[in-house]
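Fold and contact review
One-letter residues, chain by chain:
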Amino acid sequence: MNRNIFITGATSGIGKETAYAFAKNGDNVILCARNGEKLKEIKIDIDRKYGTNAYVFILDVSKYNDVVKTVKKVMEDVKKVDVLINNAGLALGLDKFQDYDIMDIEKMIDTNMKGLLYITRQILPSMVANDEGHIINIGSTAGIYAYAGAAVYCATKSAVKVLSDGIRIDTIDKNIKVTTVQPGIVETNFSNVRFHGNMEQAKKVYEGIEALKPEDIANTILYIANQPKHVQISDITIMATNQATGFNIYRKNQK
Ligand code: NDP
Ligand code: 8X3
């Protein structure tokens, strides 16, 4: 389709699969994350497989000055962003709030909320000027249903939903769509990051349930972005078949 799709957090999981889904669809992808090596590998692979343009930028979305510089460079290179997918995010820790590591709290807020705001604040003015664009924000079922040990992560994802609603109101007179995608449990590197690299603990999260795959979310995002001009999907919640609410999950062999 040859649109320009800007995806944050594109080196792993949902962001990476979304990059492949759009590239396969014929779109140009602009990918950012902190790991430059992984970005380079993905760019080479996408160029080889699909022959569309993949631009990559090393960027920590929580660093405002870097976001400003990177978006300026993106605009010089591609001129226009058609779809912005704010995906970069993480959970750190799973502890009672009263015991939580303050650094983990800060990092979740800086990445999931401030990072999303910084990028959107830099890109949205050009969408307004063009009277065209689509912002797709990755929230979570955690933003709808709080669960034990995750007060701050859930609050950041709840903020994503409310920010999306607010931005949709502020751009109501423009041809700009704003969507919140709220996935339930998806098997990615998410739990490995949450448990600070403890793979054993991370593996347990996906035991006894067929979790969603990052491709399932990527396909959903592509569907959302491929709707006709007059159709705006405002929110979508997508769960594994054996998940009912935030952390209400049926596991085979559970006692
Ligand atoms: P992964 O850990 O697999 O991927 C996270 C991505 O975010 C990586 O590419 C990482 O790249 C990037 N990232 C993290 N911090 C930053 C940062 N400061 N700046 C730029 N990029 C960053 O997890 P998922 O794919 O599962 O998570 C993607 C999104 O989906 C997150 O927002 C998460 O909250 C949300 N989500 C996940 C669910 C799940 O069950 N997995 C369910 C619901 C929502 P790098 O390390 O190279 O910077
Ligand atoms: C991330 C998935 O299951 O921790 O949003 O809510 S979960």
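Up top you'll find the structure we're talking about.
A brief structural summary. Small disclaimer: the values here were computed from a predicted structure and weren't measured. (Residues numbered from 1 in each chain as written. Chains lettered and ligands numbered in written order. Predicted model: local features only at pLDDT ≥ 70, side-chain atom pairs only at ≥ 80, totals over all residues. Heavy atoms only, no water.)

Considerations on the site of ligand 1
Close to ligand 1 lie 29 residues; Thr11, Ser12, Arg34, Tyr153 and Thr188 are nearest. A distance of 2.7 Å is found between an oxygen atom of ligand 1 and a side-chain nitrogen or oxygen belonging to Arg34. Elements with a contribution of two residues or more to the shell around ligand 1: helix H1 (13–24), helix H5 (151–170) and helix H6 (190–194). Residues of the shell around ligand 1, tallied by class, amount to 13 nonpolar, 13 polar and three charged. (Near = heavy atom within 4 Å. Polar contact = N/O pair within 3.5 Å; in protein donor to acceptor, adjacent residues only side chain to side chain. Helix = DSSP H or I, 4+ residues; strand = E, 2+ residues; numbered from the N terminus. Nonpolar A, V, L, I, M, F, W, Y, C, P; charged D, E, K, R; others polar.)

Concerning the site of ligand 2
Looking at ligand 2, the residues that line it are Ser140, Ala142, Tyr147, Tyr153, Phe190, Arg194 and Phe247. Here an oxygen atom of ligand 2 and a side-chain polar atom of Ser140 are 2.5 Å apart. Note that an oxygen atom of ligand 2 is positioned 2.6 Å from one of the side-chain N or O atoms of Tyr153. Alone, ligand 2 offers 240 Å² of accessible surface; in the complex the protein occludes 90% of this. (Areas by Shrake-Rupley, 256 points an atom, 1.4 Å probe, with all protein chains shown as cover.)

Notes on the sheet that holds strand E4 (residues 83–86)
The seven strands are arranged E3-E2-E1-E4-E5-E6-E7 in an open sheet whose pairing can be described as parallel. Each having just a single partner strand, strand E3 (54–58) and strand E7 (235–238) make up the two edges of the open sheet. Across this sheet, the average inter-strand angle for adjacent strands is 15°, counted without regard to direction. Relative to strand E5 (residues 133–138), E4 is paired through four bridges, and the arrangement is parallel. Residue Leu84 lies in a different strand from E5, and its bridge partner there is Ile135. Relative to strand E6 (residues 176–183), H5 is tilted by about 165°, and along the sheet it contacts E5, E6 and E7. (Pairing = 2+ DSSP bridges. Axes fitted to C-alpha atoms, helices over the stretch in contact; angles between N-to-C directions. Contact = heavy atoms within 4.5 Å.)

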